[in-house]
Amino acid sequence: MSMAEAGRTFSEVKDVILSAHKESTVEDKIGFYNNWAENYEQDVAILDYRAPSLAAECLSAAFQADRGKALVLDVACGTGLVSTLLQKKGFQNFAGVDGSEKMLQLAKSKGLFQDLKQWILGSAPLPVPAESYDAVVIVGALGVGHVPLSVVKELWQAAKPGGYVCMTTRGNTSNKEFKAQLECLLKEMEREGLWVCVSVTEVEDWEKAVSADETGYIPGPLAM
């Protein structure tokens, strides 16, 4: 696709999302996101996808240091939706990592990021320096069939001591097992003294449901 398709309907967007669930290999998923990139922001608006704005609000509310000097790592940054919202809240310095070349091209075009890297999350440790970022965010990627739980400790390693890690997942039926495993991991890391939970918010209206066995909106938790 060379340009975003105008006037897409919710039914069309739902078909796109469901097609992503059929992609089993990493290469297939990267290909899916490359093909989706031009329509991505339009489609998630149709889905009423609230995770980027909720994550930006959560981090902004907790962050007390100088935002102009803060370094933010946007993991699975996509087209840069989260960083765009954080810039509006005073953050200025962004690095991004994503597996999709086409998504990264759109992120680069926004002029937000000082550094962008193409990287398949979970294939090897994040290609970023340890203890370097005042805030690390991952929005929309932690979930079954996408980014594995092993990445969570890499997020912690990338954050400076005293920095923040903000993450989201989904609470719908197909992701319940992954969500439970994520919650166990976060609690285990807290018991080990690796970090302290600042807040966990369960959001009922996360985004419009697309699967055949769900209606209305699906829920999702936001943790930091």
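For every chain, the first residue of its written sequence is number 1, and the numbers climb from 1 along that sequence. Predicted model: local features are reported for residues with pLDDT of at least 70 only, side-chain atom pairs are reported and counted for 80 or more only, and whole-chain, interface and lining totals are derived from all residues. Side-chain figures throughout are based on the complete set of non-hydrogen atoms in the structure, without hydrogens or water.

The name an unreviewed UniProt entry assigns to the chain is Methyltransferase like 27, from the organism Lepisosteus oculatus.

1. Section: the pattern of salt bridges
For clarity, the threshold we go by: Any carboxyl oxygen of Asp or Glu that lies within 4 Å of a side-chain nitrogen of Lys or Arg is treated as forming a salt bridge with it. Strands here mean DSSP runs of E at least two residues long; helices mean DSSP runs of H or I at least four residues long; both are numbered from the N terminus.
Across all of its chains, the model carries eight salt bridges by this definition. Here D43 makes a salt bridge to R8, at a shortest N to O gap of 2.7 Å. Remark: R8 occurs in the segment before α1 (10-21) and D43 occurs in helix α2 (residues 26-46); sequence separation between them is 35 residues. When the shortest N-O distance is used, the salt bridge between E207 and R170 registers 3.1 Å. With E207 in strand β6 (residues 200-208) and R170 in the loop between β5 (159-168) and α7 (176-191), the pair connects residues that are 37 residues apart, well separated along the chain. It is possible to trace a salt-bridge network through shared partners that takes in K179, E183 and E202.

2. Overview of the layout of surface pockets
Formally: Cavities and pockets were defined on a 1 Å grid built from protein atoms only: a cavity is a group of points that admits a 1.4 Å probe but offers it no way out, a pocket is an open group of points flanked by protein on both sides within 12 Å along at least five of seven lines, and a lining residue is one with an atom within 4 Å of any such point. Grid points are joined across faces, edges and corners, and a volume is the space filled by probe spheres set on the points. Throughout, the ten residues Ala, Val, Leu, Ile, Met, Phe, Trp, Tyr, Cys and Pro are labelled nonpolar, Asp, Glu, Lys and Arg are labelled charged, and all others, Gly among them, are labelled polar.
For the second largest pocket, the calculated volume is near 590 Å³. Together, 31 residues line the second largest pocket, and V165, W195, V196, C197 and M224 are the ones closest to its centre. Where the lining of the second largest pocket is concerned, the elements lending two or more residues are α6 (151-158), β5, α7, β6 and β7 (217-223). Looking at which element gives the most residues to the lining of the second largest pocket, the answer is β5, with nine residues. For the lining of the second largest pocket, a count of residues per class yields 19 nonpolar, five polar and seven charged.

3. Brief notes about the packing of aromatic side chains
The relative placement of two aromatic rings is captured by the distance of their centres and the angle of their planes. For clarity, the threshold we go by: In summary, the pairing rule links any two rings of Phe, Tyr or Trp, Trp by its six-membered ring, whose centres are within 6.5 Å, and it sorts them by plane angle into stacked for under 30 degrees, edge-to-face for over 60 and tilted for everything else. The cut-offs for exposure are 20% and 50% of the maximum accessible area for each residue type, with area from a 1.4 Å probe on protein chains only; residues under the lower value are buried, those over the upper are exposed, and the others partly exposed.
Per the stated rule, a full pass over the model turns up seven aromatic pairs. Measuring from centroid to centroid gives 4.9 Å for W36 and Y40, while their planes differ by 85 degrees, and the two rings are edge-to-face. Residue W36 and its partner Y40 are located together in helix α2, separated by four residues, close to a single helical turn. By relative accessible area, which is 7% here, W36 ends up buried.

4. A word on the UniProt feature "domain: Methyltransferase type" (unreviewed entry) in the chain
Spelled out, the test is: UniProt positions are given in the numbering used here, feature names are shortened, and annotations may be inferred rather than shown by experiment.
UniProt feature "domain: Methyltransferase type" (unreviewed entry): in the numbering of this structure it lies at residues 73-166. End-to-end, the C-alpha atoms of residues 73-166 are 10 Å apart, and along that stretch the chain is 27% helix and 31% strand.

5. Looking at the nonpolar core
Short version of the rule: The criterion is simple. A nonpolar core is a set of buried Ala, Val, Leu, Ile, Met, Phe, Trp, Tyr and Cys residues joined through side-chain atoms within 4.5 Å. The criterion used for residue contact is that any of the two residues' heavy atoms lie within 4.5 Å.
Counting 42 residues, the largest nonpolar core has W36, Y49, L59, L86, F91 and W206 as its most contacted members. Mapped onto this core, the elements with two or more residues apiece are α1, α2, α3 (51-62), α4 (81-88), α5 (101-109), β4 (133-138), β6 and β7. Counting residues per element, this core draws most heavily on α3, at seven residues. In this view, Y49 contacts Y40, V44, V139, G140, R170, W206 and E207; residues no more than four positions away in its chain are not counted.

6. Description of the sheet that holds β4
Two pairing modes exist for strands in a sheet, parallel and antiparallel, and in both the strands are linked by backbone hydrogen bonds. Applicable threshold: Here the rule is simple: two strands pair whenever DSSP picks up at least two bridges between them. Only the stretch in contact is used when fitting a helix axis, every axis being a line fitted to C-alpha atoms; angles between N-to-C directions are given from 0 to 180 degrees.
Pairing in this open sheet of seven strands is mixed, and the strands run β3-β2-β1-β4-β5-β7-β6 from one edge to the other. Two strands lie at the open edges of the sheet, namely β3 (113-118) and β6, each paired on one side alone. Direction aside, the axes of adjacent strands within the sheet are offset by 15 degrees on average. Pairing of β4 with β5, which is carried by five bridges, proceeds in the parallel orientation. Residue pairing in the sheet places V137 in a bridge with C166 of β5.

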